[in-house]
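Now for the letters of each chain:
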Amino acid sequence: MKFTDVVIVFVMLTLIECSALKSFSVCMKMAERKTDLMMQATATHFVSESFKNSCRGKGFETLNGWQKACRAMWKLDYIAWADAEDFMNVPKDLNSETLFYGRWIGKNFNGEVYCRKTEKAYSGGEK
């Protein structure tokens, strides 16, 4: 085997190894991104559904409980709820339901949700 053949084989093996390392790096970044997106989807689903359930009297006892639990569980920077009538015109329907609004902001995700709540289901608590 000539010296030039050895050099060519060495260069080819080096290029193949570099390509394989780059592909592995890209795969690791994709796996990390997938994990982040799954966490965001899970958190958004949990926070919004637990808000709706709390409004219907099925979840947390009060919306303050929802707020505290979700802030701690998902490490949210901001989470709050309010009566939607405080900041927008909300037509009243015949069932005397109040429209509540929830909003949250986290490091990698944020969202908002609305839910109607009967006065009977509202168990109190200050905003």
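Residues numbered from 1 in each chain as written. Predicted model: local features only at pLDDT ≥ 70, side-chain atom pairs only at ≥ 80, totals over all residues. Heavy atoms only, no water.

Colleague: Which parts of the structure should I look at to understand helix α1 (residues 3-55)?
Modeller: Helical geometry: 3.6 residues make up each α-helical turn, so side chains three or four residues apart lie on a common side. Here α1 is 53 residues long and its end C-alpha atoms lie 78 Å apart, about the 78 Å a rise of 1.5 Å per residue gives. For α1, every residue scored as buried is listed here: Gln40, Ala43, Val47, Ser48, Ser50, Phe51, Ser54 and Cys55. Backbone geometry just downstream of α1 places Gly57 in the positive-phi region, at approximately 80°. (Helix = DSSP H or I, 4+ residues; strand = E, 2+ residues; numbered from the N terminus. Expected span 1.5 Å × (residues − 1). Buried < 20%, exposed > 50% of the residue type's maximum accessible area, 1.4 Å probe, protein only.)

Colleague: It is not clear to me how the environment of Phe100 should be interpreted in this structure. Could you clarify?
Modeller: Mapping Phe100 onto the fold places it in strand β2 (residues 97-105). When the C-alpha positions of Phe100 and Val113 are compared, they lie 8.3 Å apart, and in sequence the two are 13 residues distant.

Colleague: Please explain the side chain of Gln40 as it appears in this structure.
Modeller: Topologically, Gln40 is positioned in helix α1. When sequence neighbours within four positions are dropped, the list of residues in contact with Gln40 reads Arg33, Asn108 and Phe109. (Contact = heavy atoms within 4.5 Å.)

Colleague: Explain the packing of α1 against helix α2 (residues 63-74) here, please?
Modeller: A pair of packed helices is characterised by two quantities: the angle between their axes and the separation of those axes. With their axes 10 Å apart at the nearest point, α1 and α2 run at an angle of 170° to one another. Classed by the angle they form, the pair α1 and α2 counts as roughly antiparallel. When α1 is examined against α2, the residues Met39, Thr42, Ala43, Phe46, Val47, Ser50, Phe51, Ser54 and Cys55 are found in contact with a partner set consisting of Leu63, Trp66, Cys70, Met73 and Trp74. Class assignment for the residues of the contact of α1 with α2 results in 11 nonpolar, 3 polar and no charged. (Axes fitted to C-alpha atoms, helices over the stretch in contact; angles between N-to-C directions. Parallel < 35°, antiparallel > 145°, perpendicular 65-115°, else oblique. Nonpolar A, V, L, I, M, F, W, Y, C, P; charged D, E, K, R; others polar.)

Colleague: Is there a simple way to think about the pattern of salt bridges in this case?
Modeller: For side chains bearing opposite charge, pairing can occur when the charged atoms are close. Across all of its chains, the model carries 2 salt bridges by this definition. Across the pair Glu49 and Lys52 runs a salt bridge, and its minimum N-O distance is 3.4 Å. Here the residue Glu49 and the residue Lys52 both occupy positions in helix α1, the gap between them amounting to 3 residues, near one helical turn. The partner of Arg103 in a salt bridge is Glu112, and the shortest N-O contact between them spans 3.5 Å. For Arg103, a relative accessible area of 27% translates into the label partly exposed. (Salt bridge = Lys/Arg side-chain N within 4 Å of Asp/Glu carboxyl O.)

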